[in-house]
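Descriptive structure summary
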Amino acid sequence: MSDTQIAPAGRVAPYVPPLRRKFDENPTVIVVTGALIVLLLFAAVGLDGFWSAQNLGTLLRNSAFLGFVALGMTFVVVSGLIIDLSVVPQIALAAIVVIALSPHGIAVAAPAAILACLVFAVVNGIGAGLMRGNGVIVTLATATAGMGVLNYLTGGAQYSGNTSLLSWIGNASVVGVPVVFLIFAVVAVLAHNLLSSTSFGYSLRATGTNRSAARIAGLNTTRTLTLTFAVSSLGAAAAGMALAGYSSSAVSTMSAGYDFNALAAVVIGGTSLFGGRGSILGTVLGVAFVQVLLSVLSLVGLPFQWQQFVQGFIIVATLAADAVLRRRGGLR
């Protein structure tokens, strides 16, 4: 087999090994994969209890909770909107609604929780899409208003209850693997296909690359951004219902920090904060890295405040490394 490739202009180009091509396309994923392997090796050698069945089950379950949010957040970041801050009240709202309506059965409670979260998607879509507002400011406004309304309606009270199906999803395991993680894996495959193999995914990447150019090309960017927020809301609703099933309780403060942890996973996974580029595989790796890191930091006894510092430092370091690697490769 020849060691050359034919360039588009008809000239012979040097052969580039598949691994090198993959690195050029998304260098951060390769770096994060290596860092994750190193972290796991450190945990295996230096931490007692990390590989216990209980800790691994907790790790996979927490990865699913964060993963649902991060999958939806990936679409938001690819769209160029940077972050959806309104996922915090949405997660809590979904959990409270599904718990409050649990006496009526999952067939009533789950759709009601999803619809309640989709209200945020519509408002965010109007603000950031139709009115062309800044996505961060729009979602900050809906997050603040939503949390205020939620606290007013609930009075900060904790709700308790469950449905047998949600409780089983949140707590059961199959051959040692939590059911909720298996569901997350299936949802990740569906999200990958949606982002990479559909006209919506194409419109999303085009909008994230240059919204004005996408609009001139005939793409309905308002509809694209509204659907993007809808995907994010579905991820938040899934996380809220899964958390409610796991703990059989819900309170308005239960979702604090999920917005930035999800963004950390997305960014660490190689999705560009400039929009237009990202992958679900990268996000899954980012979720794994974040959760393994948090587990390691917890097992070594690092205070929570320092855990936050380490997370923030890693996000900044990832962004800097990504920028350097892409500048060397001539990528955006």
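Throughout what follows, the structure given in this document is the object of discussion. (Residues numbered from 1 in each chain as written. Predicted model: local features only at pLDDT ≥ 70, side-chain atom pairs only at ≥ 80, totals over all residues. Heavy atoms only, no water.)

Of the regular secondary structure elements, the protein holds 14 helices and six strands. Every one of the 332 residues in the protein was classed for burial, and the buried ones make up 46%. Considering only residue pairs separated by 6 or more positions, the protein has 74% of its internal contacts joining residues 24 or more positions apart. With the model as given, the accessible surface of the protein reaches about 15900 Å², and the carbon-plus-sulfur share is 69%. (Helix = DSSP H or I, 4+ residues; strand = E, 2+ residues; numbered from the N terminus. Buried < 20%, exposed > 50% of the residue type's maximum accessible area, 1.4 Å probe, protein only. Contact = heavy atoms within 4.5 Å. Areas by Shrake-Rupley, 256 points an atom, 1.4 Å probe, with all protein chains shown as cover.)

Next up on the list: helix α8 (residues 179-196). Along its 18 residues, α8 runs 26 Å from first to last C-alpha, staying within 8% of the 26 Å computed at 1.5 Å per residue. Burial in α8 covers these residues: Val 179, Val 180, Phe 184, Ala 188, Ala 191 and Leu 195. (Expected span 1.5 Å × (residues − 1).)

Further remarks concern the packing of helix α3 (residues 53-78) against helix α12 (residues 258-268). Packed helices, taken two at a time, are described by the angle their axes make and the gap between the axes. At a minimum axis separation of 8 Å, α3 and α12 run at an interaxial angle of 70°. As summarised for this structure, α3 and α12 are arranged roughly perpendicular, according to the angle between their axes. α12 is crossed by α3, and the crossing has right-handed handedness. Between α3 and α12, the contacting residues are Phe 65, Leu 66, Val 69, Ala 70, Met 73, Thr 74 and Val 77 on the first element and Tyr 258, Asp 259, Asn 261, Ala 262, Leu 263, Ala 265 and Val 266 on the second. (Axes fitted to C-alpha atoms, helices over the stretch in contact; angles between N-to-C directions. Parallel < 35°, antiparallel > 145°, perpendicular 65-115°, else oblique. Left-handed = near helix turned anticlockwise from the far one by under 90°.)

Turning next to the side chain of Ser 272. If you trace the backbone, Ser 272 turns up in the loop between α12 and α13 (280-299). Within the local environment of Ser 272, its side chain forms a polar contact with the backbone nitrogen of Phe 274, the two atoms lying 3.0 Å apart. For Ser 272, the contacting residues outside a window of four places in its chain are Val 77 and Arg 277. (Polar contact = N/O pair within 3.5 Å; in protein donor to acceptor, adjacent residues only side chain to side chain.)

The next subject is the packing of aromatic side chains. Working definition: an aromatic ring pair is given by the centre-to-centre distance plus the angle between the planes. Under the counting rule described, the total for this entry stands at six aromatic pairs. Summarising the aromatic geometry, the rings of Phe 50 and Trp 51 are spaced 5.2 Å apart at their centres and angled 85° between planes, so their arrangement reads as edge-to-face. Seen from their ring centres, Phe 75 and Phe 200 are 6.2 Å apart, and the 15° between their planes marks the pair as stacked. Remark: Phe 200 occurs in helix α9 (residues 199-209) and Phe 75 occurs in helix α3; sequence separation between them is 125 residues. Accessibility classification places Phe 75 together with Phe 200 in one group, the buried group. Grouped by ring-pair contacts, the aromatic residues Phe 68, Phe 181 and Phe 184 constitute a single cluster. (Phe/Tyr/Trp six-rings, centres within 6.5 Å; stacked < 30°, edge-to-face > 60°.)

Note that Ser 255 resides in the loop between β6 (249-250) and α12. For Ser 255, a relative accessible area of 0% corresponds to the buried category.

The next point concerns unusual backbone geometry. Peptide bonds are trans in most cases, and residues, glycine excluded, mostly fall at negative phi. If you check the backbone angles, Ile 82 has positive phi at about 75° while not being a glycine. Along the chain, the position of Ile 82 falls in the loop between α3 and α4 (87-100). The exposure class of Ile 82 is partly exposed, given its relative accessible area of 35%. Positioned with a positive phi, Val 175 is a non-glycine residue whose angle comes to about 45°. Turning to its location among the elements, Val 175 is positioned in the loop between β4 (173-174) and β5 (177-178). For Val 175, a relative accessible area of 81% translates into the label exposed.

Counting 54 residues, the largest nonpolar core has Phe 75 and Phe 289 as the members making the most contacts within it. Mapped onto this core, the elements with two or more residues apiece are α2 (27-46), α3, α4, α8, α9, α11 (221-247), α12 and α13. For this core, the leading source of residues is α3, giving twelve residues. What Phe 289 contacts, discounting residues up to four positions off in sequence, is Val 32, Ala 35, Leu 36, Leu 39, Ile 268 and Ile 314. Among the nonpolar cores identified, the runner-up in size contains 22 residues, and Cys 117, Phe 120, Leu 150 and Ala 244 belong to it. (Core = buried A, V, L, I, M, F, W, Y, C linked by side-chain atoms within 4.5 Å.)

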